[in-house]
Amino acid sequence: MDKLIVTGGCRLDGEIRISGAKNAALPIMAATLLADEPITVCNVPHLHDVTTTMELLGRMGVSLVVDEFLNIEVDTSTINNFYAPYELVKTMRASILVLGPLLTRFGEAHVSMPGGCAIGQRPVDIHLDGLKAMGADIQVENGYIIARADRLKGAHIVLETISVTATENLMMAATLADGETVIENAAQEPEVADVAKCLIAMGAKITGAGTSRIVVEGVSRLGGTRHRILPDRIETGTYLVAGAVTGGRVKARDTDPKLLEVVLQKLRDAGAKVECGEDWIEVDMEGRRPQAVNIHTAPYPALPTDMQAQFMVLNTIAEGSSTVTETVFENRFMHVQELLRLGANITLEGNTALVKGVESLQGAPVMATDLRASASLVLAGLVATGETHISRIYHIDRGYECIEEKLELLGGNVKRVPA
Ligand code: EPU
C-alpha cells in the first residue's frame, strides 16, 4: 500500500482546476439505473469511489463506456441482476444509492447492509423507512437488504434526521412511483440539487430540490440525457484552506463560489483575502498566520462536516484559541490523535474540540483514518517542519483526484511512495 511523504515548510502559491463533485457523481451514476436509454455523465472525477460505482454497475450487467475526455456513457439495457455485493458495499457506503433506483424501476433489489464506518454509526434506517412508506417490502437477511415492490406509491415522508443520501435515494425512487411524493426535512446540499437537475433532464418531475421540501410527481419512464457534474465544493475548500494554513495564495478554477459561502466567510474571518469570479476563487493569506475561527458543522447551507478536519488544522496553527464542534457525525475526530502526534494542542470534550493554536508543527508518521481526516493530515504536513509520512492513503484516493499533482502545481512537496 502506498504512502504519502509530505515535506513541509513551503508557502503554497498557484492555480489548480477543481474536479467534478464526488458526492454528486456517485448518486448520478446510481440514477442512470432509472433510465431506459443511455446517459452520458461528464466532468466525472477520477476517483476510487467512481471506479467502485462503475464496478458495481458493471457487475449488474450494465454497459459502461469511458471516452477520451473521461465522460462515462451508461447503458442499462443489458442489466441482468439487481445485486450489490458486500465486498463492494463495505468499501463504499454510497453503494446504498442503487437501492432506490433498482427497486423503483425493476421492482427488486438486493443490497448489502453497509458495515462499520470510521466517522460514526451511519445507519440506513431513514432510507429504508422512506421506501417502506412508499409501499416497499423490505427484509434484512444474512446481511442483505432485500427489497421488493410491484410499483412504489407516492408518499408523504418526513425525514427524522437530515440525510443527504437518504434524500437522494428517496427522490430517485419517487421519480417512477405512482403519484406524488413529498420529502420534508430534505437535505439541501447542492449535490442533491444536481442529482435532481439530471433526473429532470431524464424526464422526471421534481420541484424544490435544494430546499427542505422536495415534491416528485412520478412518471412512467425516464430516458437518456447528458449531464455535467457540478464542481466539488469540498475539494475546492480543501485547497483553499491548504493555501491559508501555509500563509500562501491559492486560486481554484472551474469551481463555484456560491457553493462555499460559509467556508469563504470563515477564511475571511481567519484573515485571508478572498476574491471570487463567476467560476473561480482566490484565497491569499499574504504570508500571515491565520487567526483562530470557531467552527460548528451542520447540514447545508451551514459549514459542511466534510470541511471540519481541514479547519481543525487551520486552528491548530492559528493565532488564538477556538472550538470546533461536530454535529453531523458522532465520531468524526479521528484526525485529532494524529494531529497531536505532530504537536497540536487539542482537547476533546464530547463533540467539541478545544484548539489552542501552536506556532509550529513537527513532521511525524501518521495514519489516515477516513477521507477528510486524510486530507487534513496532508495540510498539517504542509505546515509541519520536516517530513510527515501518511500511511493508509487509499482513503485520499477515494475523494481527491491527483492530490499530489495538484499540490505540486501549487508548489507543495508531496510524494507518493510504496510503503
Ligand atoms: N443517518 C441516520 N440514518 C440514516 C441516514 C443517516 O441516522 O438512515 C444519520 C447519520 O448517521 C449522520 C446523519 O444522519 O449522523 C447525516 O448523515 P447523511 O446520511 O447525511 O450522510 P451520508 O448521506 O451517508 C453524505 C456524504 C458524506 C457527507 C455527509 C454529510 C455522499 C456520498 N456522502 O453522506 O460525504 O459527510 O453526506 O454531509 O454524499 C465525504 O465525502 O467525505 C463524506 C463522508
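Residues numbered from 1 in each chain as written. Predicted model: local features only at pLDDT ≥ 70, side-chain atom pairs only at ≥ 80, totals over all residues. Heavy atoms only, no water.

*Asks:* What is the right way to read the overall build of the protein chain from this model?
*Replies:* Within the protein chain one finds 14 helices and 24 strands. Taking 419 residues into account, the globule formula puts the C-alpha radius of gyration at 22 Å, and the protein chain, at 21 Å, falls close to it. Overall, the C-alpha framework of the protein chain stretches about 65 × 45 × 40 Å when taken along its three principal axes. Residues classed as buried in the protein chain amount to 58% of the 419 residues present. Taking as baseline every contact in the protein chain between residues at least 6 positions apart, the subset at least 24 positions apart corresponds to 73%. When the accessible surface of the protein chain is split by element, carbon and sulfur atoms take 49% of a total near 15,800 Å². Taking the average place of the 38 positive charges on the side chains of the protein chain and the average place of its 53 negative ones, the gap between the two points comes to 2 Å. (Helix = DSSP H or I, 4+ residues; strand = E, 2+ residues; numbered from the N terminus. Rg over C-alpha atoms; globule rule 2.2 N^0.38 Å. Buried < 20%, exposed > 50% of the residue type's maximum accessible area, 1.4 Å probe, protein only. Contact = heavy atoms within 4.5 Å. Areas by Shrake-Rupley, 256 points an atom, 1.4 Å probe, with all protein chains shown as cover. Lys, Arg positive; Asp, Glu negative; His and termini not counted. Charge placed at Lys NZ, Arg CZ, Asp CG, Glu CD.)

*Asks:* Sorry, what's going on with the pairing of strand E3 (residues 39-42) here?
*Replies:* The side chains of a regular strand alternate between both faces of the sheet. Every second residue of E3 is oriented toward a common face, with Ile39 and Val41 on one face and Thr40 and Cys42 on the other, all of them buried. Examined bridge by bridge, E3 and strand E5 (residues 72-75) share three bridges and lie antiparallel to one another. Each bridged residue has a counterpart across the sheet, and for Val41 the counterpart in E5 is Ile72. Two strands pair when backbone bridges link them, and E3 and strand E14 (residues 225-228) are joined in this way by four bridges, in the parallel orientation. Across the sheet, residue Thr40 finds its bridge partner in E14, namely Arg226. (Pairing = 2+ DSSP bridges.)

*Asks:* Even after reading the chapter, I still don't get the side chain of His395, so can you show me in this structure?
*Replies:* Checked against the element boundaries, His395 lands in helix H13 (residues 394-399). If sequence neighbours within four positions are ignored, His395 has contacts with Ala368, Thr369, Asp370, Leu371 and Ser374.

*Asks:* Explanation requested: unusual backbone geometry in the structure shown.
*Replies:* Outside of glycine, negative phi angles account for most residues, and trans bonds account for most peptide bonds. The step from Tyr300 to Pro301 runs through a cis peptide bond, and the omega angle for that step is 15 degrees. Topologically, Pro301 is positioned in the loop between strand E18 (295-296) and helix H10 (308-316). If you check the backbone angles, Asp254 has positive phi at about 55 degrees while not being a glycine. With respect to the secondary-structure elements, Asp254 resides in the loop between strand E15 (249-253) and helix H9 (261-269).

*Asks:* Please explain the sheet that holds E3 as it appears in this structure.
*Replies:* Pairing between sheet strands relies on hydrogen bonds along the backbone, with the strands arranged either parallel or antiparallel. Taking strand neighbours across the sheet as the criterion, the four strands line up as E4-E5-E3-E14 in an open arrangement whose pairing is mixed. Whereas interior strands pair on both sides, the edge strands pair on one side only; in this sheet they are strand E4 (63-66) and E14. Geometrically, the sheet is characterised by an average inter-axis angle of 20 degrees between neighbouring strands, direction not taken into account. (Axes fitted to C-alpha atoms, helices over the stretch in contact; angles between N-to-C directions.)

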